[in-house]
Amino acid sequence: MSEKPTKHTKVLIIGSGPAGYTAAVYAARAMLKPMLVAGMQPGGQLTITTDVENYPGFADVIQGPWLMEQMREQAKAVGTDLVEDHIQSVNLKSKPFEAIGDGGQKYTADSIIISTGAQARWLNIESEEKFKGFGVSACATCDGFFFKDKTVAVVGGGNAAVEEAMFLTKFASKVQLIHRRNELRAEKLLQKKLMENKKIEIIWDSVVEEVIGDEEPKNVKGLIIKNTKTNEMSELKIDGLFIAIGHDPATSLFKDQLEMDNTGYLITKSDSTETNVPGVYAAGDVKDKIFRQAVTAAGMGCMAALEAEKYLASN
């Protein structure tokens, strides 16, 4: 089998969420002819989100998959080379940088924008998968609004879970925080605020066994939870379930090549998307564990493209 010819580009964008597509739009309009490798989940996390009401520019509710399709078409229209492949290894020590795709395709690039994103950790039970987007969510800021005056549950015990629970009290009439241990990992100050909130009830030593709901139209009605000490099962009536047990940034590719924090998020310079390797930039959820919004990811994608353009001009 003959080797595929190496594909070279001035700007290689790895990943295809709002950060990747926006970087592509800016790089293409700067006449840099960027190449975007879409990865395993083209469109990223937004493709598993249904209603989007917080992306600026749309007065009506839009669908996540539709928004990503539009971004993709826009990137293509302005001149991005869109590649259906998944990068499995990179060499950031070589000049130009090198990346190898799943099928052995080799890419070389003068600059790289990393927008591989992050994935919410899920409970990995079948019923959760079934109701994702129909009452089961991993993002309170995205979906809390849809549970006005309803009862919701949050699973988790860290800062994220406590913050999600507090945020949800703005909409829900009752929030039940389900934690598998008998104490929370969240910061003490957050715990204090949580305990003081009359709308929140904590269910200790418990795990979710099953999500129950209607088939047509699909919606969540309740949970079956198990007490971890007694193994006793009980049913909980709720309208929505939020999973807040953390996110995993897709950064294993860059291990030992780029600086990351203890949870695997890429570290960039202050007010910049530049990593510790000049010419390599990180945008979106791969480096942002605070905001994790489509609009902030898109903003960083823009920054990365502008920084890459400046870098290429000076080199």
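Look up a bit, the structure's there.
If you're wondering where the values come from, they're calculated on a predicted model, not measured in any experiment.

Quick look at the overall build of the chain
Next up, step 1: Counting its secondary structure elements, the chain contains seven helices and 19 strands.
Next up, step 2: In terms of C-alpha radius of gyration, the chain reaches 21 Å, essentially the compact-globule figure of 20 Å for 315 residues.
Next up, step 3: Across its three principal directions, the C-alpha atoms of the chain cover 60 × 45 × 40 Å.
Next up, step 4: Going through the 315 residues of the chain one by one, you find that 49% of them count as buried.
Next up, step 5: A separation threshold of at least 6 residues defines the contact pool for the chain, and within that pool the share at least 24 residues apart is 59%.
Next up, step 6: Averaged over its 36 positive side-chain charges, the chain has a centre that lies 4 Å from the centre of its 42 negative ones.

Points about the nonpolar core
Next up, step 1: By size, the foremost hydrophobic cluster in this structure holds 31 residues, and its most contacted members are Ile13, Tyr55 and Ile113.
Next up, step 2: Of all elements in the fold, only strand S1 (7-14), helix H1 (18-29), helix H2 (64-77) and helix H7 (294-314) reach the threshold of two or more residues within this core.
Next up, step 3: Take this core: its biggest share by element is nine residues, from H7.
Next up, step 4: Residues contacting isoleucine 13, with those up to four places away along its chain left out, are Gly20, Ala23, Ala24, Pro34, Met35, Leu36, Val37, Ile113 and Ser115.

Notes on the sheet that holds strand S14 (residues 206-214)
Next up, step 1: In space, the three strands of this open sheet follow the order S14-S15-S16, with antiparallel pairing throughout. The open sheet terminates on both sides in strands that have one partner only, identified here as S14 and strand S16 (233-237). When strand polarity is set aside, the average angle formed by the axes of neighbouring strands in this sheet is 25 degrees.

Brief notes about the pairing of S16
Next up, step 1: Where strand S15 (residues 219-227) meets S16, five bridges bridge the pair, whose relative direction is antiparallel. What sits directly across from glycine 222, in S16, is lysine 237.

Focus: the layout of surface pockets
Next up, step 1: Of the volumes computed, that of the second largest pocket is approximately 250 Å³.
Next up, step 2: As for the second largest pocket, its lining consists of Leu123, Val155, Gly156, Gly157, Ile178, His179, Arg180, Arg185, Ser206, Val207, Val208 and Ile245.
Next up, step 3: Its residues assigned to classes, the lining of the second largest pocket comprises six nonpolar, four polar and two charged.

Considerations on the environment of glutamate 164
Next up, step 1: Its place among the elements puts glutamate 164 in helix H5 (residues 159-168).
Next up, step 2: Sequence separation between glutamate 164 and alanine 138 is 26 residues, and the spatial gap between their C-alpha atoms is 9.5 Å.
Next up, step 3: The residues contacting glutamate 164, other than those within four sequence positions of it, are Ala138, Cys139, Ala140, Val154 and Ala244.

Here's the deal with helix H6 (residues 188-196)
Next up, step 1: When we look at burial in H6, the residues that qualify are Leu190, Gln191 and Leu194. When H6 is viewed along its axis, its buried side chains cluster within an angular range of 100 degrees and face the same direction. Along H6, exposed side chains directed more than 90 degrees from the buried face belong to Lys188 and Leu189.
Next up, step 2: Lining the buried residues of H6 we find H5, strand S12 (174-178) and strand S13 (200-203).

As for empty space enclosed by the protein
Next up, step 1: Counted under the stated rule, the structure contains one cavity of 30 Å³ or more.
Next up, step 2: In terms of lining, the largest cavity is formed by Tyr21, Leu36, Ala38, Arg72, Leu82, Val83 and Glu84.
Next up, step 3: Within the lining of the largest cavity, the residues separate by chemical class into five nonpolar, no polar and two charged.

Thoughts on the sheet that holds strand S10 (residues 136-137)
Next up, step 1: Across the sheet, five strands lie side by side as S10-S17-S11-S12-S13; this open sheet has parallel pairing. Edge positions in the sheet fall to S10 and S13, since each of these pairs with one other strand and no more.
Next up, step 2: Looking at chain direction, S12 and S13 are connected through four bridges and run parallel. Across the sheet, glutamine 176 pairs through a bridge with glutamate 201, a residue of S13.
Next up, step 3: The strands touched by H5 are strand S11 (151-155), S12, S13 and strand S17 (240-243); relative to S11, the strand with the most contacts, the crossing angle is about 170 degrees.

Focus on the environment of aspartate 248
Next up, step 1: Here aspartate 248 shows up in strand S18 (residues 247-249).
Next up, step 2: In this structure aspartate 248 touches Ala118, Gln119 and Arg121, once residues within four positions along its chain are discounted.
Next up, step 3: Side-chain polar atoms of aspartate 248 contact the side chain of arginine 121, separated by 2.9 Å.

Quick notes on the rules
- Residues numbered from 1 in each chain as written.
- Predicted model: local features only at pLDDT ≥ 70, side-chain atom pairs only at ≥ 80, totals over all residues.
- Heavy atoms only, no water.
- Helix = DSSP H or I, 4+ residues; strand = E, 2+ residues; numbered from the N terminus.
- Rg over C-alpha atoms; globule rule 2.2 N^0.38 Å.
- Buried < 20%, exposed > 50% of the residue type's maximum accessible area, 1.4 Å probe, protein only.
- Contact = heavy atoms within 4.5 Å.
- Lys, Arg positive; Asp, Glu negative; His and termini not counted.
- Charge placed at Lys NZ, Arg CZ, Asp CG, Glu CD.
- Core = buried A, V, L, I, M, F, W, Y, C linked by side-chain atoms within 4.5 Å.
- Pairing = 2+ DSSP bridges.
- Axes fitted to C-alpha atoms, helices over the stretch in contact; angles between N-to-C directions.
- 1 Å grid on protein atoms, 1.4 Å probe; cavity = no way out; pocket = protein on both sides within 12 Å on 5 of 7 lines; lining within 4 Å.
- Points joined across faces, edges and corners; volume = space filled by probe spheres on them.
- Nonpolar A, V, L, I, M, F, W, Y, C, P; charged D, E, K, R; others polar.
- Arc of directions from axis to C-beta.
- Polar contact = N/O pair within 3.5 Å; in protein donor to acceptor, adjacent residues only side chain to side chain.

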